[in-house]
Amino acid sequence: MLNSKTIILLTLIFVITLSFRLYFSFQYESLSTESYFHIYQSEKIKNNIIPQNYDELSYSGRLISYPPLFHYILASTSFIPNNYKIIPALLFALSSVIAFLISLRISNSKWASLLSALLYSFTPIAVKQTLNSVSIYSLALPLIFLLVYLTIIAKEKNISKYFILISVLLFFSHPSFLILTLAFILYPLLLKLVNIKINENRKEVIIFFIILSLLAVLLLFRQDLSQIGFNTIFQNIPDQIKHNYFRSINPVEIISGIGLLTLIFGLIGISNGIFKSKQSSIFLISSLIISTFILLLFKLIDFNIGIMILGLSLAILSSLGMNVFFTYISKTKLHKFKLFFILLVLLLAIFTSVIPSMVSASNIDVFSKEEIEAFAFLREKTSKLSTVAAFSIEGHLINLIGRSNIIDTYYLGAPATTERFNDLNILFKTELFSAAKQIIDRYGVDYILLTKHGKMFYNVEKLNYQDKCIKEVFRNEEARIYSTEC
């Protein structure tokens with residue numbers, strides 16, 4: 001049982017995490033550029049309760065298969081002002097409580113678990129990826145770690161019905177459940193290597209999860225699997241930008257994204273748990289870390305997402321590392337300075353996790369006020385039947401205002417993504433109107449949108465070709481809109 005002091009401190013961490021996220025989120029007028037796919041899908045659910053497989057606006061018409069739970073949550077909470085900022089922040093803040101519960105189970109130290117929850121909450125890469133963002137990971141990650149926690153306590157309690165419920169929720173949230181599936185496959189193999197017998201209750205829930213996850217893949221992604229097979233894992237991302245998602249492991253990015261203190265104490269926790277105390281629970285979280293690392297090594301997972309899972313897992317394991325470290329200190333002549341070392345750890349946590357998180361929170365990529373004005377013009381001054389050519393990250397916002405796009409960033413199941421990406425590159429960079437006209441005719445383009453984001457990506461300030469068929473109909477400091485009138 002947790003004493004009142006621990007509950008108060010844990011509540012304080014939750015409040016600090018939520019306040020931090022809300023404070024920085026409300027510094028921005030708009031959400032992160034990655035948010036608009038989920039906003040668009042949730043708005044569609046508000047209008048049609050049953051998810052629609054066919055989207056007439058994305059890619060000017062395509063089939064979409066995506067687990068809808070997150071969108072239902074957003075749609076059902078639309079009565080809350082600013083729910084797109086509040087709900088993701090609340091979900092991630094709640095996951096810090098789950099991190100504390102797991103940490104307490106593996107370290108049996110309340111103070112170390114509280115510090116671990118703090119490191120979890122301020123993992124820099126997690127702040128960068130999820131703050132001021134309608135991010136699916138604000139739901140998927142809490143569910144993943146909740147399943148890890150339920151698996152740990154399955155040794156002592158009958159948690160089958162809770163495990164089934166959370167598993168189903170995860171399956172209908174995001175394909176990241178496959179990372180946990182791989183971890184559950186690896187877990188008994190690691191235990192066998194060190195001659196530890198897996199608990200029967202844990203074995204049952206793990207086998208159940210593996211079988212159900214494979215069925216979920218066939219149910220949710222059968223269409224994509226039948227069309228592109230194993231390449232589904234690469235999400236049909238255009239060849240031109242695939243290297244941005246599936247990058248090689250970079251030690252500097254790992255350290256800065258995870259936080260040096262988290263990395264040090266997390267690795268101490270792993271080594272102690274595996275080689276000395278040989279806790280089966282440590283092997284479970286280590287399996288998640290190893291699985292993620294393998295996927296990163298072979299470039300089978302988005303780099304940022306992989307580092308985020310590594311960082312959060314190591315933050316949880318850091319509780320054991322801190323407990324081991326301070327237990328060692330208490331046995332030496334330095335035990336008189338234990339309070340000093342605790343304060344030192346807190347100070348290091350601030351410098352290696354909190355401050356970098358604040359820096360990340362202050363540099364979220366959002367659409368500027370001027371760019372939003374351009375989208376408002378398209379919504380108010382153009383026909384609902386219009387097709388707009390724009391940079392891929394702007395595609396979902398184009399759909400949100402009720403116009404068709406040529407390409408957006410949900411590539412899975414989309415037609416000819418590499419070809420479309422290349423055609424847009426030509427459209428924005430060519431100096432020959434004849435080359436641009438072919439693309440305009442091919443996709444039925446009515447308007448061409450060039451924003452600050454597009455200018456940076458294509459390295460242009462304006463369209464380089466002139467013709468009586470191309471007319472500039474909107475312009476401000478950061479955006480231009482051209483109509484195609486021939």
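Residues numbered from 1 in each chain as written. Predicted model: local features only at pLDDT ≥ 70, side-chain atom pairs only at ≥ 80, totals over all residues. Heavy atoms only, no water.

**As for the nonpolar core**
Counting residues in hydrophobic clusters, the biggest one holds 144 residues, and the most contacted among them are I102, F145, L170, F209, L427 and I448. Each of domain 1 (4-26 + 82-362) and domain 2 (369-484) gives at least three residues to this core. Among residues more than four places away in sequence, those in contact with F145 are I98, I102, Y120, L288, L312, S313 and I316. Counting 10 residues, the second-largest nonpolar core is a separate cluster that includes F20, L131, A361 and I364. (Core = buried A, V, L, I, M, F, W, Y, C linked by side-chain atoms within 4.5 Å. Buried < 20%, exposed > 50% of the residue type's maximum accessible area, 1.4 Å probe, protein only. Domains from an automatic or database assignment. Contact = heavy atoms within 4.5 Å.)

**Focus: the pairing of strand β7 (residues 480-484)**
Of all 5 residues making up β7, 5 are buried, and the element is well covered by its neighbours. Here β7 shows a buried face lined by R480, Y482 and T484 and a second buried face lined by I481 and S483. Relative to β7, strand β5 (residues 447-450) is paired through 4 bridges, and the arrangement is antiparallel. Across the sheet, I448 pairs through a bridge with Y482, a residue of β7. Judged from the 5 bridges that link them, strand β6 (residues 470-475) and β7 form a sheet pairing that is antiparallel. Bridged to I470 within β7 is T484. Linkage of β6 to β7, two consecutive antiparallel strands, is achieved through a turn of 4 residues. (Helix = DSSP H or I, 4+ residues; strand = E, 2+ residues; numbered from the N terminus. Pairing = 2+ DSSP bridges.)

**Regarding the domain arrangement of the protein chain**
Its domain assignment divides the protein chain into domain 1 (4-26 + 82-362) and domain 2 (369-484). The gap between the C-alpha centroids of domain 1 and domain 2 is 39 Å. Listed by partner, the interface residues are 12 residues for domain 1 and 9 residues for domain 2. Buried area between domain 1 and domain 2, both sides added, is near 930 Å², and the carbon and sulfur share of it is 60%. Our count for the contact surface shared by domain 1 and domain 2 stands at 0 salt bridges. Along the contact surface separating domain 1 from domain 2 lie 5 residue pairs in polar contact (both at pLDDT 80 or more). It is helix α10 (residues 200-228) that contributes the most residues to the side of domain 1 that touches domain 2, 3 residues altogether. (Buried area = accessible area lost by both parts, 1.4 Å probe. Salt bridge = Lys/Arg side-chain N within 4 Å of Asp/Glu carboxyl O. Polar contact = N/O pair within 3.5 Å; in protein donor to acceptor, adjacent residues only side chain to side chain.)

**What to know about the packing of helix α13 (residues 260-275) against helix α14 (residues 280-297)**
Following both chains from N to C, one finds α13 and α14 inclined at 130 degrees, their axes separated by 9 Å at the closest point. Taken together, the axes of α13 and α14 are oblique relative to one another. For the element pair α13 and α14, the recorded crossing hand is left-handed. Seen from α13, the contacting residues are G269, I270, G273 and I274; seen from α14, they are I282, F283, S286 and I289. Each residue belonging to the contact of α13 with α14 can be placed in one class, and the counts come to 5 nonpolar, 3 polar and no charged. (Axes fitted to C-alpha atoms, helices over the stretch in contact; angles between N-to-C directions. Parallel < 35°, antiparallel > 145°, perpendicular 65-115°, else oblique. Left-handed = near helix turned anticlockwise from the far one by under 90°. Nonpolar A, V, L, I, M, F, W, Y, C, P; charged D, E, K, R; others polar.)

**Section: the packing of helix α1 (residues 4-25) against helix α4 (residues 83-107)**
Two measures define how a pair of helices packs: the angle their axes make with one another and the distance between the axes. Running from N to C, α1 and α4 cross one another at 150 degrees; their axes reach a closest spacing of 9 Å. One finds that α1 runs roughly antiparallel with respect to α4. Seen along the crossing, α1 lies across α4 with a hand that is right-handed. On the side of α1, the interface is formed by T6, L10, F14, T17, L18, R21, L22 and S25, while α4 contributes K85, I86, A89, L90, F92, A93, L94, S96, V97 and F100. Partitioned by chemical class, the residues of the contact of α1 with α4 number 12 nonpolar, 4 polar and 2 charged.

**Examining the packing of aromatic side chains**
This structure, assessed with the given rule, holds 27 aromatic pairs. Between the aromatic rings of Y66 and Y410, the centroid separation amounts to 5.4 Å while the plane-to-plane angle is 75 degrees, which identifies the pairing as edge-to-face. Of this pair, Y66 sits in the loop between β2 (62-63) and α3 (69-76) while Y410 sits in the loop between β4 (404-405) and α19 (417-429); the two residues are 344 residues apart in sequence, bridging distant segments of the chain. Taking relative accessible area as the criterion, Y66 reaches 17% and is therefore assigned buried. Both rings, one in F428 and one in Y458, keep their centres 4.7 Å apart while their planes meet at 20 degrees; by these two values the pair is stacked. A residue pair is termed long-range when its members are at least 10 positions apart, and F428 in helix α19 and Y458 in helix α21 (residues 452-458) qualify at 30 residues. Residue classification places F428 among the buried residues on the basis of a relative accessible area of 0%. Among the aromatic residues, those joined into a ring-pair cluster are W111, F265, F325, F326, F340 and F341. The ring centre of F92 lies 3.8 Å from the NZ or CZ of R21, which sits over that ring. Its guanidinium or amino end placed over the ring of F26, K85 lies 5.6 Å from that ring's centre, counting from NZ or CZ. (Phe/Tyr/Trp six-rings, centres within 6.5 Å; stacked < 30°, edge-to-face > 60°. Lys NZ or Arg CZ within 6 Å of the ring centre and 35° of its normal.)

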